[in-house]
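# Per-entry structural report
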Amino acid sequence: MTATVLKDRDGKAVPQDSIEEFRTQIRGALILPGDAEYDSARSIWNALIDKYPGAILRCQGTGDVAAAARFAFENNILVSIRGGGHNVGGRAVCDDGLVIDLSNMRAVHVDPDAQTVRAQGGALLGDVDRETHLHGLAVPLGIVSKTGIGGLTTGGGFGWLARKYGPACDNVIEAEVVTADGSIRTASANNNPDLYWGICGGSGNFGVVTSFLYKAYPLSTVLGGLIAFPREAASKVLRGYREVMSRAPDELTAYAALLWGPDGTPLTALVPCWIGDDKEAGHQAIKPLTEICEPLVVDVQEMPFPAKQSMLDAAYGPGSRNYWKSAYLKALTDEAIDMIVEHSEGMTIPGSGILIEHCAGAAKSKANGDNAFAQRGHDYLIAILPLWTDPADDADQIAWARKMHDAMAPFSTGGTYLNYLGADEDSAIEMAFGENLIQLKEVKRKYDPTNFFSANANISP
Ligand SMILES: Cc1cc2nc3c(=O)[nH]c(=O)nc-3n(C[C@H](O)[C@H](O)[C@H](O)COP(=O)(O)OP(=O)(O)OC[C@H]3O[C@@H](n4cnc5c(N)ncnc54)[C@H](O)[C@@H]3O)c2cc1C
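Values in this document were obtained by computation on a predicted structure and should not be read as measured data.

Analysis parameters
- Residues numbered from 1 in each chain as written.
- Predicted model: local features only at pLDDT ≥ 70, side-chain atom pairs only at ≥ 80, totals over all residues.
- Helix = DSSP H or I, 4+ residues; strand = E, 2+ residues; numbered from the N terminus.
- Rg over C-alpha atoms; globule rule 2.2 N^0.38 Å.
- Buried ≥ 20, exposed ≤ 12 C-beta atoms within 10 Å, placed from the backbone.
- Contact = placed C-beta atoms within 7 Å.
- Expected span 1.5 Å × (residues − 1).
- Domains from an automatic or database assignment.
- Nonpolar A, V, L, I, M, F, W, Y, C, P; charged D, E, K, R; others polar.
- Near = placed C-beta within 6 Å.
- Pairing = 2+ DSSP bridges.
- Core = buried A, V, L, I, M, F, W, Y, C linked by C-beta atoms within 7 Å.
- Axes fitted to C-alpha atoms, helices over the stretch in contact; angles between N-to-C directions.
- Left-handed = near helix turned anticlockwise from the far one by under 90°.

Check the secondary structure of the chain and you find 15 helices and 20 strands. A compact globule built from 461 residues would reach a C-alpha radius of gyration of about 23 Å, and the chain, at 22 Å, matches this within 12%. Across its three principal directions, the C-alpha atoms of the chain cover 70 × 55 × 40 Å. Counting only residues that meet the buried cut, the chain has 54% of its 461 residues in that class. A fraction of 72% describes how many contacts in the chain between residues 6 or more apart in sequence connect residues 24 or more apart.

The following block contains the structure:
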């Protein structure tokens, strides 16, 4: 095997003196193959991904990001952008190229009067929650605290606040973006509005977002927890879940999941979160979920929002192998539920799951085209999430997810969620961007005509 070195897109090694010259322009660590930190720096959340970058720059600020873009552009080097490294398709890393790693850029500043939050592009959800919570505020992001805001926000961003306030990308007021030419631009409704439109849902196609300015909302505690039923009750629980959620106020989000208990017991679970002030109303809204049939466990209580945000962290820690498939459903019909239950029988490894997200409410209220996030008209998203550790199980686990995904096709809108795209799903990218694709290509041609940012959910100019 030939040793990995930094190469240009034509496969030619970048001269060492160019690399040394680049070092003089940056503050952060430039990690090269053979360095002690190289293997940990190239690792991401999904252990199924095993890429060997030619260099990884741990950026120490916007200046480093701009220097990296200029260096890579001038030397025709492939770049990838690493935020939290949670992308299941491994789009944070690339072979032979340069990883622009934002994991040291995690500062968060809250303006409690304006109810806004400025967060650097490498911040994790937990970084934002920790700071906003001090002021009784929260930003609509996702549901696992180690996820990066960068990928999550540029790809949409669904969490407990989305039904009330929209996905993360709808709550970006402004972003600082380093574009392909290394220039630093402000993107907002008034500054470079086309770039602003594009980064709110267009993934990392237009540049590196070095900071986001978000809207925040008053929120201190929530009602959250878990309602668990036997797996055999899945058919009934999912039907009941659909009925309850069809009339639930937007303050209540609940996901349904076919998963496993800590002791390996197969379960059907409902995971609710009530974000309203009136906790009694919250208990009343959640109660019907506990009454669908006889639960094994009802553990729903008031808790600080950051506690709710880290409840699932242990179940989705790094180091396991993951392959995801997702589909927006036309409706959660009885037939769709029956198909879900039938295919759940092929799910064999505890830790795996089938997640059904109810994503209506404010997530739907903007029109397609208001920003680049296109998948708005749907009530339900299904995610098929095998998780395993032994490489010998790769083929079976991937085959199960693909088979179930194929079986769900008749119930799907054809749309898929950009943030859940697997490594082999590039053909689904255009469907994920939907009717916004034409405008996205225009913005791409303006800000990145050479497709410098291509190691992503790529929009070809
Ligand atoms: C355990 C787990 C839980 C999750 N929970 C949710 C959830 O609740 N809701 C939800 O919507 N999604 C969720 N996701 C999906 C998640 O949104 C995507 O995986 C997303 O890509 C993760 O962002 P990241 O910054 O960690 O990505 P990375 O893997 O670091 O980067 C992926 C891509 O995002 C883009 N990107 C990242 N940072 C920037 C930046 N600063 N500027 C420009 N582009 C950037 C780049 O194109 C990059 O290739 C979850 C994923 C995991 C693994």
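From this point, the narrative continues.
With 13 residues, helix H3 (residues 62-74) should cover 18 Å at 1.5 Å per step; its first-to-last C-alpha distance of 18 Å lies within 8% of that length. Along H3, the residues that are buried comprise Asp64, Val65, Ala66, Ala67, Ala68, Ala69, Phe71 and Ala72. Note on H3: the residue one or two positions beyond its end, Asn76, has a positive phi of about 55 degrees.

Partitioning the chain into domains gives domain 1 (16-101), domain 2 (108-218) and domain 3 (221-429). For domain 2 and domain 3, the distance between their C-alpha centres works out to 24 Å. Counting residues at the interface gives 31 residues for domain 2, matched by 30 residues for domain 3. Those elements that provide at least two residues to the side of domain 2 that touches domain 3 are helix H4 (125-133), helix H5 (149-154), helix H6 (162-165) and helix H7 (193-199). Across the side of domain 2 that touches domain 3, the residue classes tally to 14 nonpolar, eleven polar and six charged.

Around the ligand lies a shell of 35 residues, among which Gly83, Gly148, Gly150, Gly151 and Gly204 are the nearest. Among the secondary structure elements, those contributing two or more residues to the shell around the ligand are strand S3 (79-82), H5 and strand S10 (208-215). Tallying contributions element by element places H5 first for the shell around the ligand, with four residues. In terms of residue class, the shell around the ligand is built from twelve nonpolar, 21 polar and two charged. Shared between two domains, the shell around the ligand takes at least three residues from each, and those domains are domain 1 (16-101) and domain 2 (108-218).

Turning to the pairing of strand S12 (residues 221-230), a few remarks are in order. Counting buried residues along S12, seven of its ten residues qualify, which places the element largely inside the surrounding structure. Relative to strand S15 (residues 297-304), S12 is paired through eight bridges, and the arrangement is antiparallel. Paired with Leu223 across the strands is Glu302, a residue of S15.

Within the largest apolar cluster, 153 residues are counted, with the highest numbers of intra-cluster contacts made by Ala68, Leu98, Ile100, Tyr241 and Ile382. Considering each element in turn, this core owes the most residues, eight residues, to strand S13 (residues 252-260).

As a further point, take the environment of Ala399. One can find Ala399 in helix H13 (residues 394-408). By the C-beta count within 10 Å, which is 13 here, Ala399 ends up partly exposed. Ala399 sits 89 residues away from Ser310 along the chain, and the two C-alpha atoms are 31 Å apart.

Here we come to the sheet that holds strand S8 (residues 172-178). Strands sit in the order S5-S6-S10-S8-S9 across an open sheet of five strands; the sheet is antiparallel. The two strands at the open ends of the sheet, each matched to only one other strand, are strand S5 (108-111) and strand S9 (184-188). Neighbour-to-neighbour, the strand axes of the sheet open up by a mean angle of 15 degrees, direction not taken into account. In this structure, S8 lies alongside S10, joined through six bridges in antiparallel fashion. Bridge pairing links Glu174 to Leu213 in S10. Running at roughly 50 degrees to S8, H3 makes contact with S8, S9 and S10 of the sheet. Those strands touched by H4 are S5 and strand S6 (116-120), and its axis lies near 35 degrees from that of S5.

Our focus in this paragraph is unusual backbone geometry. The backbone of Asn76 shows a phi angle near 55 degrees, a positive value even though the residue is not glycine. Checked against the element boundaries, Asn76 lands in the loop between H3 and S3. The exposure class of Asn76 is partly exposed, given the 14 C-beta atoms found within 10 Å.

Time to look at the sheet that holds S13. With respect to topology, seven strands assemble into an open sheet ordered S15-S12-S14-S13-S18-S19-S17, the strand pairing being antiparallel. In the strand order of this sheet, the two ends are held by S15 and strand S17 (325-329), each with one partner. On average, each strand axis in the sheet is inclined to that of its neighbour by 15 degrees, with strand direction left out of account. Contacts between H13 and the sheet are confined to S17 and strand S19 (380-385), with S17 contributing the most and set at about 15 degrees to the helix.

It is worth spelling out the packing of helix H8 (residues 234-246) against helix H11 (residues 334-344) at this point. One can describe the packing of H8 onto H11 by two numbers: an axis separation of 10 Å at closest approach and a directional angle of 145 degrees. Relative to H11, the crossing made by H8 is right-handed. The residues of H11 that touch H8, namely those facing Ala234, Ser235, Leu238 and Arg239, are Asp334, Ile337, Asp338, Ile340, Val341 and Ser344. When the residues that make up the contact of H8 with H11 are grouped by side-chain class, the tally is five nonpolar, two polar and three charged.

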